[in-house]
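# Remarks on the overall topology
So you can see what is in the structure, the chains are spelled out below.
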Amino acid sequence: MFSTLSRSVVLKRLASHYGMTPKGFARRFIAGETVEEAIEAARALDARGLLVALDYLGERVNTSDEAAAATREYARLIDVIVASGIERNVSLKLTQLGLGVDRATCVDNLRRILEPAQRHEFFVRIDMENSPYTEVTVEVFETLWRLEYRNIGIALQSSLLRTEQDVRRMNELGARVRLVKGAYKEPASVAFQQKEDVDAAYLRQMRLLLDHGVHPAIATHDETIIAETRAYAAERGLANDRYEFQMLYGIRRDLQAALVAAAYRMRVYVPFGREWFPYFMRRLGERPANIGFVLRALLGEQATENTKR
Ligand SMILES: Cc1cc2nc3c(=O)[nH]c(=O)nc-3n(C[C@H](O)[C@H](O)[C@H](O)COP(=O)(O)OP(=O)(O)OC[C@H]3O[C@@H](n4cnc5c(N)ncnc54)[C@H](O)[C@@H]3O)c2cc1C
C-alpha cells in the first residue's frame, strides 16, 4: 500500500507543502532539504557523542542527465562536508547514479564520486535497494573493489533469502557490511515473509559478521537484536571499536543515547534533500503508529495556519 501511496502525485504535493516547514511532520525523519540543514543536524548529533553518515536523498532517476546531475550534487556535497569539518561519511543509492539507465553510466558516476571521496578520506556506503537491484549492486561493488577502492562499504538485507551467502561473499573480500532488515516489500520467491524469520536471519548474519567481517555495522532499532549483539560481542571478547551500531535520524533517539552512554559506537544516518518523499513513505510504512504522528502534526499545523489568517 505504501509503495502505491508513495507514487501518489496528490499526496506528494500535500506532503511537500506541509512536510518540510520549520515544524513540518517530515522533519522528525529528514534533516532538511539543504546540505546546510543536514550539516547543522550532524553537528547537533556530534555534540551528543553520535557518529553520522549523510545521505543526499534521491533514487530511480530515469535519464543519464539526471544521474549526472545527482553525481555533481554528491561531488559538491563532498566539498561542503570537507569545508564544514563534520565527519566524512556518506551513503548513496546506485539508482540515483543511473543504475536503472545503464550499468556503465552508474559505475562511471560512482567513480566520479569515489575519486574525491578517496582523496579526502571519506567513507562511502552503498545502500541496498529493492531485489531487482540486489545482484547488480553487489557486482558493481565488487567491480569497484577490484579497482582498489577501499573506502567503500555495502548494505545487505537480512529479509532476502540470498543474504547469508552475500555476507560470506563480502567477508571473504574483507569489505564492510551494514546489516539491515530490509525496507522493501519483496515476494516470497526472494524474501522471508514472516518477521520472526527475518529476525532469526539477522541474528545469524550478525554473528557471521562479528566473527569474520571487517568493522560491521549493526543497523537496527530492534532492542532484542541490539542486546543479542552486545552479548555476542562480549562473549567473543570483541572490543567496542571493532563494530558499530547504526540507526536512522529521528528514530529511537532514547536507544541511540543509551548506546553512546554505554560507550558503543553509534552512527546516525542523516537523510536530507528535496527528494525526501519515498524515504519518508518507507518510514511510515514500517510503523503504522507514525501515521497518527503525521496526522496530528498536520492537523496541528493547519490549526496554526488557520489562526494566523
Ligand atoms: C542506518 C540504517 C541504514 C539503512 N539502510 C537501508 C538500506 O540500505 N536498504 C534497506 O532496504 N533498508 C535500510 N534501512 C532500513 C531497514 O531495512 C529497516 O527498514 C528499518 O531499520 C526498520 O527495521 P528495524 O531493524 O529497526 O526493525 P523493526 O523490527 O522494523 O523495528 C524495531 C523497532 O524499531 C522502532 N522502529 C523501526 N522503524 C521505525 C519507524 N519507521 N518509526 C519509528 N520507530 C521505528 C520501533 O520501536 C520498532 O518496534 C536502514 C536502516 C538503518 C538503521
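For the structure, see preceding data.
Attention here is on the structure that accompanies the text. Nothing here was measured: the structure is a model prediction, and the numbers come from that model.

What counts as what
Residues numbered from 1 in each chain as written. Predicted model: local features only at pLDDT ≥ 70, side-chain atom pairs only at ≥ 80, totals over all residues. Heavy atoms only, no water. Helix = DSSP H or I, 4+ residues; strand = E, 2+ residues; numbered from the N terminus. Expected span 1.5 Å × (residues − 1). Buried < 20%, exposed > 50% of the residue type's maximum accessible area, 1.4 Å probe, protein only. Contact = heavy atoms within 4.5 Å. Pairing = 2+ DSSP bridges. Axes fitted to C-alpha atoms, helices over the stretch in contact; angles between N-to-C directions. Polar contact = N/O pair within 3.5 Å; in protein donor to acceptor, adjacent residues only side chain to side chain. Parallel < 35°, antiparallel > 145°, perpendicular 65-115°, else oblique. Left-handed = near helix turned anticlockwise from the far one by under 90°. Phe/Tyr/Trp six-rings, centres within 6.5 Å; stacked < 30°, edge-to-face > 60°. Arc of directions from axis to C-beta. Nonpolar A, V, L, I, M, F, W, Y, C, P; charged D, E, K, R; others polar. Near = heavy atom within 4 Å. Areas by Shrake-Rupley, 256 points an atom, 1.4 Å probe, with all protein chains shown as cover. Right-handed = clockwise from strand over helix to strand, strands pointing away.

### Notes on helix α6 (residues 134-146)
Helix length check: α6, at 13 residues, gives a terminal C-alpha distance of 19 Å against a target of 18 Å (1.5 Å per residue), a fit within 8%. Those residues of α6 that sit buried are Thr134, Val136, Thr137, Val138, Val140, Phe141, Glu142, Leu144 and Trp145. Where α6 is buried, its residues touch α5 (103-119), β3 (123-126), β4 (152-157) and α7 (163-173). Looking one or two places after α6, you find Glu148, whose phi comes out positive at around 75 degrees.

### Concerning the sheet that holds strand β6 (residues 217-219)
The strands making up a sheet associate through hydrogen bonds between their backbones, and the pairing can be parallel or antiparallel. Here we have 8 strands rolled up into a closed barrel, ordered β1-β2-β3-β4-β5-β6-β7-β8, and parallel in their pairing. Here the strands of the sheet are splayed against their neighbours by 25 degrees on average, with no regard to which way each runs. Where strand β1 (residues 51-56) and strand β8 (residues 266-272) come together, 6 bridges link them in parallel fashion. Bridged to Asp55 within β8 is Pro271.

### As for the side chain of Gln246
Along the chain, Gln246 turns up in strand β7 (residues 244-248). For Gln246, a relative accessible area of 8% puts it in the buried group. Engagement of the side chain of Gln246 in a polar contact is seen with the side chain of Glu244, the distance being 2.7 Å. Here Gln246 is in contact with Arg125, Arg178, Ala217, Ile218, Ala219, Thr220, Met266 and Arg267, once residues within four sequence places are set aside.

### Observations regarding the packing of helix α8 (residues 195-212) against helix α9 (residues 223-235)
Contact geometry of α8 with α9 gives a least axis separation of 11 Å together with a crossing angle of 30 degrees. With respect to each other, α8 and α9 are oriented roughly parallel. Handedness of the crossing formed by α8 with α9: right-handed. Packed against α8, whose contacting residues are Asp199, Tyr202, Leu203, Met206, Arg207, Leu210 and Asp211, the element α9 presents Ile225, Glu228, Thr229, Tyr232 and Ala233 at the interface.

### What to know about the packing of aromatic side chains
Note on aromatic pairs: each is described by the distance of the centres and the angle between the planes. Inspection of every chain in the model, using the stated rule, returns 10 aromatic pairs. Judged by centre distance (6.4 Å) and plane angle (15 degrees), the rings of Tyr269 and Tyr279 are stacked. Placement of the pair is Tyr269 in strand β8 and Tyr279 in helix α11 (residues 277-286), with a sequence separation of 10 residues. In terms of burial, Tyr269 and Tyr279 fall into one category: buried. In textbook terms, an aromatic cluster arises when at least three aromatic residues are bridged by ring pairs, as seen for Phe25, Phe29, Trp276, Phe277 and Phe280.

### Regarding α7
The set of residues buried in α7 consists of Thr163, Asp166, Val167, Met170 and Asn171. For α7, the buried positions fall inside an angular range of 140 degrees around the axis, keeping them on one side. The outward face of α7, more than 90 degrees from its buried face, is lined by the exposed residues Gln165 and Glu172. Against the buried residues of α7 lie α6, β4, β5 (176-180) and α8. One or two residues past the end of α7 sits Gly174, with phi positive at roughly 85 degrees.

### Observations regarding the packing of helix α4 (residues 64-84) against α5
Running from N to C, α4 and α5 cross one another at 10 degrees; their axes reach a closest spacing of 9 Å. With respect to α5, the axis of α4 lies roughly parallel. Where α4 abuts α5, its residues Ser64, Ala67, Ala68, Thr71, Tyr74 and Ile78 lie against Thr105, Asn109, Arg112, Ile113, Pro116 and Ala117. For the contact of α4 with α5, a count of residues per class yields 7 nonpolar, 4 polar and 1 charged.

### Quick word on the site of the ligand
Taken together, 25 residues are adjacent to the ligand, and Lys181, Gly182, Thr220, His221 and Glu286 come closest. One of the side-chain nitrogen or oxygen atoms of Thr220 is found 2.6 Å away from an oxygen atom of the ligand. Taking His221, its side chain carries an N or O atom lying 2.7 Å from an oxygen atom of the ligand. In isolation the ligand exposes 930 Å². Once the protein is present, 87% of that is buried. Elements that contribute at least two residues to the shell around the ligand include exactly β4, β5, β7 and α11. Considering every element that reaches the shell around the ligand, the biggest residue donor is β7, with 3 residues.

### Some words on the pairing of β1
Burial analysis of β1 places 6 of its 6 residues in the buried class, the great majority of the element. Every second residue of β1 is oriented toward a common face, with Leu51, Ala53 and Asp55 on one face and Val52, Leu54 and Tyr56 on the other, all of them buried. The pairing of β1 with strand β2 (residues 89-92) spans 2 bridges and is parallel. What sits directly across from Asp55, in β2, is Ser91. Taken together, β1, α4 and β2 constitute a β-α-β crossover, and its handedness is right-handed.

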